[in-house]
Amino acid sequence: MTIRHSTDDDVRHVGITENDMLSGGLSEHALLRIVTENARVGLVIVSRERRYTYANGTYAELLALAVENLVGKRLEDVLAGVYEEQVRPRLDRAFAGERVDYELHRPSATGERFYSVRYEPTIVDGTVAYVVVVIIDITERRQTQTDSSRFAAIVATSDDAIISKDLSGDITSWNAGAERLFGYAATEMVGASIMQLIPDERRDEELEILAKIRRNESVRHFETQRRRKDGRLIDVSVTASPIRDEVGRVIGVSKVARDISDRKAVEQALRLERDRAQRYLDAADVILLALDNAGNITLINRKGCDILGRGEAELLGRPWIDTCLPARVRDTMTQKFNHLVSGDVRLVENLIVTKSGDERLIEWRNSVLHDDFGNVIGTLSSGTDNTERNNAIEALRVAEERMRFALENAGVGIWDQDYATGVARVSDICLAHHGMTPGTFGGTFDAFIEAVHPEDRAHLTDTIKQAIASGGDFSAEFRALWPDGTVRWLSNTGRIQRGDHGEPIRGVGISMDITARRSLEAQYHQAQKMEAVGRLAGGVAHDFNNLLTGILGYCQLVLGDLAPGSPLRNDIEQIQKAGESAAGLTRQLLAFSRKQVIEPTLLDLNVVIGNMRGLLARVIGEDVRIVFKFRPGLAAVTADAGQMEQVIMNLAVNARDAMPGGGTIVIETANVQLDAEYARTHFAAKPGRYVALTISDTGSGMPAEVKDRLFEPFFTTKEIGKGTGLGLATVHGIVTRSDGSINVQSELGVGTTFTIYLPCSESSAVAAGPAPGGERQRSKGETVLLVEDAEGLRTLIKRILERQGYGVLVASSAGEALELFERHTTIDLVLTDVIMPGGNGAELTRRLVAQRPDIRVVHMSGYTEDAITHQGVLQEGIDFLQKPFTSEALGRKLREVLDR
């Protein structure tokens, strides 16, 4: 293969010679030269000496090189800025026979440029003699990718709801702003119909929008209502735009929605007050006239219109002096008006001209109108006698006061920043948002920033600076730091007004306290985290139940067979203790994750706690004094007695551990009423009647960072080996499952108080707790049908029952159990697992009872999501044995059922 070296002249002019001409046209070589020189990609041939042997014009243009100087030159000299780092290593690989593809980035006069480069080795006589380089400018493509990524980030982080849907109305994308606004997660809405959000009375409106988009007609910005997930209607501002494919066809709709409910409420209040004020003005028997600072009419009542003989539409926005005064008095009245807006308020007599040309002499009493910050915004004039004038002005004052009241009642503060003077003004509501009283604000932007939490000042300042630079609106959420140390969350929305030359003139905006909303959001996120961890913990605990049942059961069998002095007894007992500890740990995990089977009964907590006095005294020890304060006539609650004992014991032990040097624990009960205000700031609480169980100590207390993580599973401040971190997580799971809530108050060096609120029950039939189990565990000659699919457990339970004197028939499935039941009429009790392949225990029970209504059945399970429970609560009339269990517990349960 021969490669012809190009000359400078060839590179510049393609260099077609007579030798390139053939009969009837160009030679193949000439055609190739034309193609390479006119290609929109750079082409280069590099020799083993790393020198250019050929370079087309496009290559030189792309890299801004002098093409006539390339051939024969070393790449190291021409590409000095990028050669060592980007070019040479890859060129070495190409001369080693490897095809190399990469991106080259190189600075240029217009900014950094990006190129797609391929090195193609050319083999001559078995050796790579040349490398052909192909280079394409991909700068614009990279920029497009960057712009797309930036746009996606904006959509993802936008506070507005940004939704896309196809032309049938099915949602195809749903951003985080939409989740916050409408309450639905993206997983719930993507693929669903947009009609899910549309109130029935507005469905035609939505269908018309879709029809316009399909017809490629424009859809203007509009305001409407949408329905949230919780059923509440909200006012929204919506912008709809078509989505087009690469050929311009409309394939969907993009919508941006913003919650304007608060604005609508304020606008409605202001509109009502303005209408009311206008009615007052129209009822007045005087002319009432308002002018802005330029002398244009902004308000005129019916009396004025009647006297002038003109309609309101003919007057509003028109210059008063030029429109309604005779020409001979206009200059004089202009001077008087200028004095008036400067603060020189006095009586003025002048002539006005009616539409018919009549002149009338009016005596005016004038006043200057100010906004909430004292700025002059115009004048108000009234005519006729003093009585009528005073009534009209009073009516206007009342209307203004009511508008101000509407803003204050909505909790909206107002601020104003004059950039020419540096003076900042704030309303009393705005002062209250920052914990200030009237007269304590410094009146500058710096004074305002001083009232912001130090950690939020830089972000808020940057947000406002960006708005000043762009002349647009801004919105920010930040914390206000009150003089007494209180921290409140505020939402601040503002608008920057600019002058003729783009300079900032004035900033105005509103402030709202959103502390309660932020608190509820934080509690909601914590609840989500606890729920996720709970699902994991519950799943892990379930898997251990069958294993632990086998471990504990076989330990008891072996211990029963060993002689009292056997050297193996201690080892087996240690295994048994470890199994019992593991069983206790799984019970804690199940209680925390709300996946433990519970048997709720009506309880009097005074009785439950009273029965625990002796146990609490032994566990807590003599160094800690326990004080009981029981509320007489305590209402009943519906809960699992054993779990309530577990809650009380866990909290009491925690209190004891917080007082290593001794102290006092107070356990107190009370009937309480939680109101809507409490529920508004506590995510898990609902208004209503509750029984409050309070356990407080005089211990060391806890810092805020510990309190925030108090109920997280496996979080503990105790040293290794002293705690699992499941005690308080278990308490949280039990209380939550009982429809209750927990409030914690703690102060370092003072102590900690846990208050548990459990809903009052309407019934009065109260039980003190579970009835104690009988001591008799032996059989009276009964026969038990055992149904268990796990072979190891089936063998173990059969041996335990036979040792207790029972006759035992075993089945590994529901079908096998039915066959045995039909053959053996002497079966007294069926002991069945709930979850089995080929049919569950609950269905088996229904079929057996249908044949023999008097048959006794005991269900056993380590799961809660099965056929005998509803959300973990045992169904009424079901006899149940929770895995893992001991041989004694099994014997007691069977005797309890058989002796009933």
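Here the structure is a predicted model, which means the values were calculated and not measured. (Residues numbered from 1 in each chain as written. Predicted model: local features only at pLDDT ≥ 70, side-chain atom pairs only at ≥ 80, totals over all residues. Heavy atoms only, no water.)

### Remarks on helix H18 (residues 454–470)
Across its 17 residues, H18 extends 25 Å between first and last C-alpha, which sits within 8% of the 24 Å expected from 1.5 Å per residue. Listed in full, the buried residues belonging to H18 are Asp456, Leu460, Thr461, Thr463, Ile464 and Ala467. The buried residues of H18 occupy an angular sector of 165 degrees when projected down its axis, which confines them to one face. More than 90 degrees from the buried face of H18, the exposed residues found are Ala458, His459, Lys465, Gln466, Ala469 and Ser470. If you follow the buried residues of H18, they end up packed against helix H17 (445–450), strand S20 (473–481) and strand S21 (487–498). Gly471 lies just past H18 and shows a positive phi near 70 degrees. (Helix = DSSP H or I, 4+ residues; strand = E, 2+ residues; numbered from the N terminus. Expected span 1.5 Å × (residues − 1). Buried < 20%, exposed > 50% of the residue type's maximum accessible area, 1.4 Å probe, protein only. Arc of directions from axis to C-beta. Contact = heavy atoms within 4.5 Å.)

### So, the sheet that holds strand S6 (residues 113–124)
Spatially, S4-S3-S7-S6-S5 is the arrangement adopted by the 5 strands of the open sheet, whose pairing is antiparallel. Each edge of the sheet is formed by a strand with only one pairing partner; in this case those strands are strand S4 (52–55) and strand S5 (100–106). Sheet twist, expressed as the average angle between the axes of neighbouring strands with direction ignored, equals 25 degrees. Of the pairings in the sheet, the one linking strand S3 (residues 42–47) to S4 comprises 3 bridges and is antiparallel in character. (Pairing = 2+ DSSP bridges. Axes fitted to C-alpha atoms, helices over the stretch in contact; angles between N-to-C directions.)

### Here's the deal with the pattern of salt bridges
Taken as a whole, this structure holds 34 salt bridges when the rule is applied. For Asp230, the salt bridge is made with Arg228, and the minimal N-O distance between the two is 3.4 Å. Of the residues examined, Asp230 reaches a relative accessible area of 52% and is grouped as exposed. By relative accessible area, Arg228 is classed as buried at 16%. When salt bridges that share partners are traced, they join Lys165, Arg202, Glu205, Glu206, Arg226 and Lys255 into one network. (Salt bridge = Lys/Arg side-chain N within 4 Å of Asp/Glu carboxyl O.)

### Overview of the packing of aromatic side chains
Throughout the structure, instances matching the rule amount to 8 aromatic pairs. Ring plane angle 90 degrees and centroid distance 6.2 Å describe the contact between Phe448 and Phe478, whose orientation is recorded as edge-to-face. With a gap of 30 residues between them, Phe448 in helix H17 and Phe478 in strand S20 connect regions that are remote in the sequence. Members of the aromatic cluster, joined through ring pairs, are Phe445, Phe448 and Phe478. (Phe/Tyr/Trp six-rings, centres within 6.5 Å; stacked < 30°, edge-to-face > 60°.)

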